[in-house]
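# Coordinates in review
Below are the chains, spelled out letter by letter.
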Amino acid sequence: MDMINDSKNPSPAHLLDPSPEQIRSWANAAVELMAEYLGTIRNRRVYPYTSSRQIRERLDSSLPKEPVNFDELLHTFRSTLIELSRHNGHPRMFGYVQAPGTAIAAFADLLSSTLNANLTAWRSAPAAVEIERLTIDWIKQIIGFDRDAAGLFVSGGSMANMAALAAARRAKAPPEIQNKGAQSCAKALRVYASEETHHTVAKAAALLGIGHDNVRLISVDERYKINLHELVAAIEEDRTAGHLPICVVANAGTVATGAFDPLSQIGEIARRFNLWLHVDGAYGGFAALAPSARPLFASIGEADSVALDPHKWLYLPVDCGCILYRDPEAARATFAHEAEYTRVIGQEADEAFAFWDYGPELSRRFRALKVWMLLKGVGLQALSEAIEKDLACARHFETLVQNSEDFEMLAPVELSIFCSRHLPAGLKRALAAASPSVREKIEEQLDAHNERLLLALQRDGSSYLSNARLRGRFSLRGCVMNYRTTLRDMEILLDDLRRVAAQL
Ligand SMILES: *Cc1c(COP(=O)(O)O)cnc(C)c1O
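Per-chain numbering applies: the sequence of each chain, read as written, is numbered from 1 onward. Totals for whole chains, interfaces and linings use every residue, but because this is a predicted model, local features are given only for residues with pLDDT of at least 70 and side-chain atom pairs only at 80 or more, for both listing and counting. In computing side-chain properties, one takes all heavy atoms of the structure into account and sets aside hydrogens as well as water.

## Examining the site of the ligand
Throughout, the term near means that a residue has one or more heavy atoms lying within 4 Å of the molecule or strand in question. In the vicinity of the ligand, 14 residues are found, and the nearest of them are Gly157, Ser158, Asp280, Asp309 and Lys312. By the criterion applied in these results, polar contacts are pairs of N or O atoms within 3.5 Å in which, for protein atoms, one can donate a hydrogen and the other can accept it, and in which residues neighboring in sequence qualify only through two side-chain atoms. Taking glycine 157, its main chain carries an N or O atom lying 2.8 Å from an oxygen atom of the ligand. Residue histidine 311 places a side-chain N or O atom 2.8 Å away from an oxygen atom belonging to the ligand. The protein chains shown are the only cover counted for residues, whose accessible areas, like all others here, come from Shrake-Rupley with a 1.4 Å probe. Bound to the protein, the ligand loses 86% of the 380 Å² it would expose on its own. In this description a helix means any DSSP run of H or I spanning at least four residues, a strand means any run of E spanning at least two, and both kinds are numbered starting from the N terminus. Listed by contribution, the elements that provide at least two residues to the shell around the ligand are α7 (157-172) and α12 (310-313). Tallying contributions element by element places α7 first for the shell around the ligand, with three residues. For the shell around the ligand, the per-class residue count stands at three nonpolar, eight polar and three charged. Think of it as three bins: nonpolar holds Ala, Val, Leu, Ile, Met, Phe, Trp, Tyr, Cys and Pro, charged holds Asp, Glu, Lys and Arg, and polar takes everything else, Gly as well.

In C-alpha cells form, the structure reads like this:
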C-alpha cells in the first residue's frame, strides 16, 4: 500500500518522514529492482541507442507541485534510467577507467545517507570519523605507505591531485604565497610530469595559480614511462633559467596505457632537487593488492603524497577518491585555518581532530562507510584475486592479439589497460610494402578505419571500448576493472571486433 498520496494524511511531515512500514515497503520495491538489475546486467547491451531528445521526452519536465507515489518514481528509474544508461557494471564495459560498483557499497550509500553524518570534524560525527580514520589506515597498509601518514577521502582523483599540488606548493614555494598569492613569488613555480600524465594535474596547476604551462611534460620511453634523463635535464634547465622547481608527479598507472613510472629513481631525483614527489595512483593504486603488480610499489614510501581512487580499482560506486600525505604537518600547513565557527573547543588530541585541516572541503559525506563495508564484507583475499584476474584478462587479450594476423598491440600491457588496433588485410599488405613517404598516408587510413570500427563497436552494444592516441596513432583502448569480467569475455571482445569490422 502506498501512502504518500493518501489524502487522509496529507501533512508535509508525513511525506518527508514516512512511517517504518512505509520505509519497508519502499525498500522492498527498490531492492527488488536492484536485484533484478544486477542479476541481468550481463544480458544487456552495454550502451543504449538514444538521444538527448528521446530522454527528455520521457521525463515529465513540469515543476512538481504535487507528490507522485514512490512506485511511479521507481517506474521512471526502471523504464528510463535503466534502459537509457551505459551499464558500467557490464562485464564487457572496457571504456575509460570505470568501476562496476558493488551491491555492498550500494547498501553502504543507503545507510550513510540514512545516518547523514557530516564528516567535518570528530565532534560532528564521532563514530563515522573513526571509521574514516580506520579505513585510511587500512589503505596506507594496502599500498605500503607510511603508517604515520595523514589522509582523507575526497570526491575523486581530480580533487586528490589538486590537494597534493596545493600541499607541494605550500611545502616547496615561499610561504607568503599562502597570504599574498602566487604573484608575490618572482620565480615561476615548476611541476614535472610525463606527457602521459592525466590532465587533472595541469588543471590543478592552473586552478592553484601555478599555471598550466608551468607543468613541464617530459617525454616517455617505448614503454610509456617518463624519460629520467629528460626529467633531470628539464629541472636543471629551469633552475639555471631562474625558475623554482617544486614538484614531480609520478604515475602509478597512466590513464592511456597503464604505464607505471619508476618510483625509486624518481624518488632519488626528487630528493636530489628538493622536490615534492606526488604519485598519481588514481587508476593503478589498488593494483598493489595483486601479487603480480606488488613489486611496482616497492618505493611508494618515497612519495610525499599519493592520489588514489577507491571508486576505480576497489570497484566502488562514485564518488570516492583519497589523498594521502606522508607528513601530516605539511597538509595542516596547507589547509588548516582559524575561524571562530570551526574552532574546536574543550577537546584534546584525537577528539579535536578535524578533516578540514587536511583537505579543501568542509561538509563531507560519509564516503568511508562504503570502503569499510567493502573491505570488511568482502575481505582482501577476494579483492586481491579479482584485481589479479583483471590483470590476467588484459594479458590474455594481449596474447590473443599477438597470436592474430589481423590485430596488433600499440602499447605493452603493464596493468589492466590494453591498446590495440585492427589491421585489415589490404592495409596490412600496403603498410608492409610502403616506402617511408607513403607510410604516413596508410597510417592515416588505419586511424580512420579504427575510429569507424570503435564507433561501430560501441553502437553494436555487445562490448565497449574507448580510444587513446599513442605516438600520433589512433588506438582502441580498453581497461579491465570488473570482478564480473572473465578470460572468455576477452575472447568475445575480439570476436565482436572482428564481426563488426567485417560489416564496415
Ligand atoms: C581517473 C583518473 C584521474 C581523475 O580522477 P577522478 O576520480 O575522475 O576525478 C586522475 N588520474 C588518473 C591516473 C586517473 O585514472
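## Side note on the pairing of strand β9 (residues 417-422)
Of all six residues in β9, six are buried, a share of seventy percent or more. Categorising residues by exposure relies on relative accessible area from a 1.4 Å probe, with only protein chains included: less than 20% of the type maximum marks a residue as buried, more than 50% marks it as exposed, and the intermediate range marks it as partly exposed. Residues Ile417, Cys419 and Arg421 point to one face of β9 and Phe418, Ser420 and His422 to the other, with burial holding for every one of them. In this sheet, β9 lies alongside strand β8 (residues 407-409) in antiparallel orientation, the contact comprising three bridges. Residue pairing for β9: glutamate 408 is matched across the bridge by arginine 421. For β9 and strand β11 (residues 473-479), the ladder comprises four bridges, and the chain directions are antiparallel. Counted as the bridge partner of isoleucine 417 is cysteine 479 from β11. By definition, two strands form a pair when at least two bridges between them are found by DSSP.

## Here's the deal with the nonpolar core
Side-chain atoms within 4.5 Å are what join buried Ala, Val, Leu, Ile, Met, Phe, Trp, Tyr and Cys residues into a set we call a nonpolar core. Membership of the largest hydrophobic core comes to 115 residues, with the highest contact counts inside it found for Ile143, Val279, Val306, Trp313, Leu324 and Tyr325. Formed jointly, this core draws a minimum of three residues from each of two domains, domain 2 (117-378) and domain 3 (382-503). Pairs of residues are marked as contacts when any of their non-hydrogen atoms sit within 4.5 Å. Excluding residues within four positions of it along the chain, tryptophan 313 makes contact with Tyr283, Gly284, Phe286, Ala287, Ile387, Asp390, Leu391, Leu415, Ser416, Val480 and Met481. Phe397, Leu453, Leu493 and Ala501 belong to the second largest nonpolar core, which has 23 residues in total. The domain limits used here are those given by an automatic or database domain assignment.

## Observations regarding the domain arrangement of the chain
We note that the domain assignment places domain 1 (16-45 + 48-85), domain 2 (117-378) and domain 3 (382-503) within the chain. A separation of 37 Å is found between the C-alpha centroids of domain 1 and domain 2.

## Quick word on the packing of aromatic side chains
Pairing of aromatic side chains requires ring centres within 6.5 Å, counting the rings of Phe and Tyr and the six-membered ring of Trp. Pairs whose planes differ by under 30 degrees are stacked, by over 60 edge-to-face, and all others tilted. Throughout the structure, instances matching the rule amount to 11 aromatic pairs. For the ring pair tyrosine 283 and tryptophan 313, a centre distance of 5.2 Å and an interplane angle of 15° mean the geometry is stacked. With tyrosine 283 in the loop between β5 (276-281) and β6 (305-308) and tryptophan 313 in helix α12, this pair connects stretches of sequence that are 30 residues apart. Its relative accessible area of 3% is what places tyrosine 283 among the buried residues. On the basis of relative accessible area, tryptophan 313 is assigned to the buried category, the value being 0%. One aromatic cluster in this structure is built from Tyr47, Tyr96 and Tyr464. The ring of tyrosine 49 has arginine 45 sitting right over it, with the charged end atom 4.1 Å from the ring centre. We call a charge positioned over a ring when the NZ of a Lys or the CZ of an Arg lies within 6 Å of the ring centre and within 35 degrees of the ring normal. Note that arginine 133 overlies the ring of phenylalanine 353, its terminal NZ or CZ placed 4.1 Å from the centroid.

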